[in-house]
Amino acid sequence: MQAYQTFREYLAKELEAIQSAGLYKSERIIASPQSVAITLQSGQQVLNFCANNYLGLSDSKELTSAACKAMESRGYGMSSVRFICGAQDLHKQLEAAIARFFGTEDTILYAACFDANGGVFEPLLGEKDAIISDALNHASIIDGVRLCKAVRYRYANANMQDLEAQLQAAQAQRFRLIVTDGVFSMDGNVAPLDKIHALAEKYSAMVMVDESHSAGVVGKTGRGVTELFNLRGQAEIITGTLGKAFGGAIGGFTTGKKEIIAMLRQRSRPYLFSNSLPPAVVGAGIYTFGYLENSTVLQDKLHENTAYFIGKMQQAGFDVKPTQSAICAVMLYDAKLSQDMADKLLEEGIYVAGFYYPVVPKGQARIRLQISAAHEREQLDKCIRAFVKVGGELGVLKS
Ligand SMILES: *Cc1c(COP(=O)(O)O)cnc(C)c1O
């Protein structure tokens, strides 16, 4: 009681500091399924442009029904980790389907990609080894690297001169692993995987790509950046999530060379000491990868939507970062402007997120949109009209 009294005062002060710095994160409440058109708790209907619902599968009737079927045939929960109670046939089917999708040898499932990244480095590399990591890699990669004793090298985002310099410095170590996000979430830029692989070859390093934002999205058939650069099955390690393009529920995976996956099954702590994915999620996953194996309708529509939207926004005079992903960063540079603009867009029924320091560098504030295969042309047009109206009012359009 006494101890908590002083701790509570400390927390209250810290929370106040977060609030007065304008960094307090509050959550809007959604009272409908996740979709491109959603209802907020206030009753307001808005078009959603800030979900990772790239293929529009979050509210898919087919996925929901596949999840129900799996639950009916295999039950609700697993109540154990796999090395004690085993896995279901469904888990093995999903692992095989993910490996087919990426052209890899084997896959291991996790509760989330955060766990996949948290549990991938420490079992594979030790103090004699080197991890060379992009400075803008996802928080879960940064945390995973911290749990590993390997020597750490960092290179500036997608900067190949810097990567080469770090690889030269890392020649002292035994094994080298270059780690990169496939798509960087704030700019939507794609990692230059062709150049990364060439440097990996030159300096004898392995490559790991986190395809969380790129799988289902990037590449002609949405197989990710490894497809975009004709490197299918070449990266030693790919991590990814079931929480974005592939239905958006929960779950992560590591897929790649079979010996690596075998070692992770023996030693990866989030796999060994955390519960298996529930049958509903696994059943829906099997359906999703099965569907994507036979059709690129959703990927094609997503690519079409993204090209249309970004083209129109640039024509309208917005400063939009070029991208091969479905992330559209509308640069505003000013933090307050990004918040004002997001608020005004919401009044127009457009739900987007404004980002500013420390999420992006100082003076690089922006609104980030994420395009979905489920967006219809008139919804994209409504969004563009709202941007033009609000952008005009706030004076952010280039003339
Ligand atoms: C979203 C994301 C993750 C985390 O995925 P979860 O399955 O939600 O834990 C990891 N890495 C990257 C690059 C991501 O974008």
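Residues numbered from 1 in each chain as written. Predicted model: local features only at pLDDT ≥ 70, side-chain atom pairs only at ≥ 80, totals over all residues. Heavy atoms only, no water.

## Thoughts on the site of the ligand
Stated formally: Residues are classed as near a molecule or strand on a simple rule: at least one heavy atom within 4 Å of it. Throughout this description, a polar contact denotes any pair of N or O atoms lying within 3.5 Å of each other; where both atoms belong to protein, one of them has to be capable of donating a hydrogen while the other can accept it, and for residues adjacent in sequence the pair is counted only when both atoms sit in side chains. For accessible areas, the Shrake-Rupley method is used with a probe of radius 1.4 Å. Any residue's cover is judged against the shown protein chains and nothing else. Here a helix means four or more residues in a row that DSSP labels H or I, a strand means two or more in a row labelled E, and each is numbered from the N terminus.
Every one of the 13 residues lining the ligand counts as a neighbour, but Cys113, Phe114, Asp210, Thr241 and Lys244 are closest to it. Separating a nitrogen atom of the ligand from a side-chain N or O atom of serine 212 is a distance of 3.4 Å. The side chain of lysine 244 places a nitrogen or oxygen atom 2.6 Å from an oxygen atom of the ligand. For the ligand, whose unbound accessible area comes to 380 Å², protein coverage reaches 82%. No other element matches the three residues that helix H5 (residues 113–118) contributes to the shell around the ligand.

## Re the pairing of strand E8 (residues 237–241)
Just so we agree on the cut-off: Exposure is judged per residue with a 1.4 Å probe applied to protein chains only, and the accessible area is read against the type maximum: over 50% gives exposed, under 20% gives buried, and values in between give partly exposed. At least two DSSP bridges between two strands are needed for those strands to be called paired.
The buried fraction of E8 amounts to five of the five residues, a majority that puts the element mostly inside the structure. Because side chains alternate across E8, one face comprises the buried residues Ile237, Thr239 and Thr241, and the other comprises Ile238 and Gly240, equally buried. Sheet analysis places strand E7 (residues 206–210) next to E8, joined by three bridges and oriented parallel. Bridge pairing in E8 links valine 209 to isoleucine 238. Summarising the sheet, E8 and strand E9 (residues 252–256) pair through five bridges and their orientation is antiparallel.

## Examining helix H6 (residues 139–146)
Cut-off, in case you're wondering: Starting at the helix axis, one direction is taken to each C-beta atom, and the arc is that of these directions.
Along H6, the positions that sit buried rather than exposed are Ser140, Ile141, Gly144 and Val145. Each buried residue of H6 lies within a common arc of 135° when the element is viewed along its axis, so the set occupies one face.

## Overview of the pattern of salt bridges
Condition: In what follows, salt bridge is the name for a side-chain nitrogen of Lys or Arg lying within 4 Å of a carboxyl oxygen of Asp or Glu.
Tallied over the full model, the rule gives 18 salt bridges. We note a salt bridge from aspartate 106 to arginine 265, for which the minimum N-O separation is 3.6 Å. Within this pair, whereas aspartate 106 is found in strand E3 (residues 106–110), its partner arginine 265 is found in helix H10 (residues 258–267), the two being separated by 159 residues in sequence. The exposure class of aspartate 106 is partly exposed, given its relative accessible area of 23%.

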